[in-house]
Amino acid sequence: MEAETQGDWVAMVTARAPTNIAVIKYWGKRNQKLILPINSSISITLNPHDLSATTTVAVSPSFTADRLWLNGKEVSIEGDRYQNCLREIRSRATEVTDPKTSRIITKKDWESLHVHIVSKNNFPTAAGLASSAAGFACLVYALAQLMGVRERYKGEISSIARIGSGSACRSLYGGFVEWDMGKDDDGKDSIAIQLAEEKHWEDLVVIIAVVSSRRKETSSTLGMQDSVNTSKLLLHRAKEIVPKVMVEMRKAIKERDFATFARICCADSNQFHATCLDTSPPIFYLNDTSKRIISMVERWNKAEGTPQAAYTFDAGPNAVLFAPDKAKACELLSRLLFYFPPASDKKISSYVVGDVDMLAFKE
Ligand code: DP6
């Protein structure tokens, strides 16, 4: 006979969320606590089997505290970002019937139940690729599923992921996603909106060239705050330029117009890094290899008279490259290998994860 005591049940949910690559960058907050941006942005969500986070959230009456494990190591859950996400999800929790045990967990139960969170990235953290977007999107989505949170308006869950990390809100949707900066002070309308689904532009290939696996010296959070405080160029970009290029980029995506997509994507990346240089003290995210990759793509595009490939760089030296189809992607890869040959004493760590080819370059 099995006598169930108060503490011997567990309810859990597992979710997976991919990371996203911004082609119109988010850089700068107008409200730091709520993570409200100074401009809207657009990104491409990678496939779930590519660079993604997998998170299991569990509750049990036997858990005595909220706890978090990232990539196998317990880390503190006391940070504001985790606490804010947990609070927002808990405040929206509803009565849930656990599908496995048919146990009913009431709205009141959620107030006292503690969560254990286990999250893992499927890409090496050493690759120096941002993981907070996938991590917070996955955490918030899994918690929302566990606690029966239903959106009262479209995009509400993305607005909770946003307070974990701004770019995370865009990972709630697949395909091409816009983060509308919103107008409200409470952040309710600062949400992610899917512009086109995953299958819309299937030919487009994403290649990530890992230039350095070192941790970046200036985090996005601190870097963008310095830019907001000191760069005049950033203000001009956010107010005058981004609103215009958002219109052009939406259209290019809708029409699968690679030439326009490539032109705007490269220009936006360069402008973002120009605002970093315009920051005091200046922030340098690109290194010499990054700059050589830019030149390689620019020279190729110029020689052909029309864009063959596009590049974008986030807050680090790693290149994210786009090709209009598989044939061009192969050409791009061979060019990369030609111009950046692996050092003879080092084995090039090149591997393919789904559609994303990752190449590690020596600095
Ligand atoms: C350069 O979303 O990491 O990748 O909101 O402070 O967590 P916080 O910043 P984060 O910034 C991402 C900046 C970027 C551009 C982008 O993804 O749009």
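Note: the structure precedes this text.
Okay, so let's go over this structure. The residue count restarts for each chain, going from 1 along the sequence in the order it is written. Given that this is a predicted model, residues contribute local features only at a pLDDT of at least 70 and side-chain atom pairs are listed and counted only at 80 or more, while totals for whole chains, interfaces and linings are drawn from all residues. Neither water nor hydrogens contribute to the side-chain values; these are computed over all heavy atoms in the structure.

Quick look at the sheet that holds strand β12 (residues 176-179) now. One bridge is not enough; two strands pair if DSSP finds at least two bridges between them. The secondary structure listing takes helices from DSSP runs of H or I that are at least 4 residues long and strands from runs of E that are at least 2 residues long, numbered from the N terminus. The antiparallel open sheet is built from 4 strands, whose spatial order is β2-β5-β12-β13. This sheet does not close on itself; its edge strands, each paired only once, are β2 (20-24) and β13 (192-196). Neighbour-to-neighbour, the strand axes of the sheet open up by a mean angle of 35°, direction not taken into account. Pairing of β2 with strand β5 (residues 41-45) involves 4 bridges; the strand directions are antiparallel. Each bridged residue has a counterpart across the sheet, and for Ile24 the counterpart in β5 is Ile42. Any pair of residues with heavy atoms lying within 4.5 Å of one another is described as a contacting pair. For helices, the axis comes from a line fit to the C-alpha atoms of the stretch in contact; other axes are also lines fit to C-alpha atoms, and the angle between any two N-to-C directions lies between 0 and 180 degrees. Relative to β2, helix α7 (residues 258-277) is tilted by about 95°, and along the sheet it contacts β2 and β5.

The subject of this paragraph is the side chain of Asn84. Along the chain, Asn84 falls in helix α1 (residues 80-91). N or O atoms closer than or at 3.5 Å make up a polar contact, with two conditions inside protein: a donor-capable atom paired with an acceptor-capable one, and, for residues adjacent in sequence, both atoms drawn from side chains. One polar contact links Asn84 to Arg87, side chain to side chain, over a distance of 3.0 Å.

Turning our eyes to something else, we now look at helix α3 (residues 132-146). One less than the residue count of a helix, multiplied by 1.5 Å, gives the span that helix is expected to have. For α3, built from 15 residues, the straight-helix expectation of 21 Å at 1.5 Å per residue is met to within 8% by its first-to-last C-alpha distance of 21 Å. Residue burial is assigned from relative accessible area. The probe radius is 1.4 Å, only protein chains are included, and a residue is buried under 20% of its type maximum, exposed over 50%, and partly exposed in between. For α3, the complete set of buried residues consists of Ala133, Ala134, Gly135, Phe136, Ala137, Cys138, Leu139, Val140, Ala142, Leu143, Ala144 and Leu146. Directly beyond the C-terminal end of α3, a positive phi value near 65° is found at Gly148.

Attention now moves to the packing of aromatic side chains. Stacked, tilted and edge-to-face are the three classes applied to pairs of Phe, Tyr and Trp rings, where Trp contributes its six-membered ring and a pair requires centres within 6.5 Å; stacked means planes under 30 degrees apart, edge-to-face means over 60, and tilted covers the rest. On inspection of all chains with the given rule, the structure shows 11 aromatic pairs. Considering the side-chain rings of Phe176 and Trp201, the 6.1 Å spacing of their centres and the 25° angle between planes classify their relative orientation as stacked. Taken as a pair, Phe176 in strand β12 and Trp201 in the loop between β13 and β14 (205-210) lie far apart in primary sequence, 25 residues in all. There is no split in this pair, since Phe176 and Trp201 are both buried. Judged by centre distance (5.4 Å) and plane angle (70°), the ring pair of Trp201 and Phe261 falls under edge-to-face. Placement of Trp201 in the loop between β13 and β14 and of Phe261 in helix α7 is noted, with a sequence separation of 60 residues between them.

Attention shifts here to the site of the ligand. In the vicinity of the ligand, 18 residues are found, and the nearest of them are Tyr26, Lys29, Arg81, Ser165 and Ser167. Here an oxygen atom of the ligand sits 2.6 Å away from a polar atom, N or O, in the side chain of Tyr26. Taking Arg81, its side chain carries an N or O atom lying 2.6 Å from an oxygen atom of the ligand. Look at the ligand: alone it shows 460 Å² of surface, and the protein chains cover 93% of it. We call a residue near a molecule or strand when any one of its heavy atoms sits within 4 Å of it. Values of accessible area rely on a 1.4 Å probe in the Shrake-Rupley scheme; residue burial ignores everything except the protein chains shown.

Two side chains of opposite charge can pair, provided their charged atoms sit close to one another. Definition used for salt bridges: Asp or Glu carboxyl oxygen within 4 Å of a side-chain nitrogen of Lys or Arg. Evaluation of the coordinates by the stated rule reveals 16 salt bridges. Measuring nitrogen to oxygen at the nearest pair gives 3.8 Å for the salt bridge that ties Glu202 to Lys199. Both residues of the pair, Glu202 and Lys199, belong to the exposed class. Salt-bridge contacts for Asp268 lead to Arg237; the nearest nitrogen and oxygen are separated by 2.8 Å. Remark: Arg237 occurs in helix α6 (residues 232-254) and Asp268 occurs in helix α7; sequence separation between them is 31 residues. Asp268 gets classed as buried once you look at its relative accessible area, which sits at 4%. By relative accessible area, Arg237 is classed as buried at 1%.

With 52 residues, the main nonpolar core has Ile208, Met249, Phe261, Leu321, Phe322 and Leu332 as its most contacted residues. Each residue touching Met249, except ones within four places of it in the same chain, is listed here: Val23, Ile24, Ile42, Phe261, Ile264 and Cys265. Side-chain atoms within 4.5 Å are what join buried Ala, Val, Leu, Ile, Met, Phe, Trp, Tyr and Cys residues into a set we call a nonpolar core.

The next subject is α6. For α6, which comprises 23 residues, the first-to-last C-alpha distance of 32 Å matches the rise-based estimate of 33 Å (1.5 Å per residue) to within 8%. The angle between axes fitted to the seven-residue stretch ending at a residue and the seven-residue stretch beginning at it gives the bend at that residue. Along α6, the helix axis deviates most sharply at Ile241, where the bend reaches about 45°; the proline Pro243 sits within four residues downstream. Every buried residue of α6 is listed here: Leu234, Arg237, Ala238, Val242, Val245, Met246, Met249, Ala252 and Ile253. Regarding α6, its N-cap is Ser231, as a side-chain oxygen of that residue lies 3.3 Å from the backbone nitrogen of Leu233 further along.

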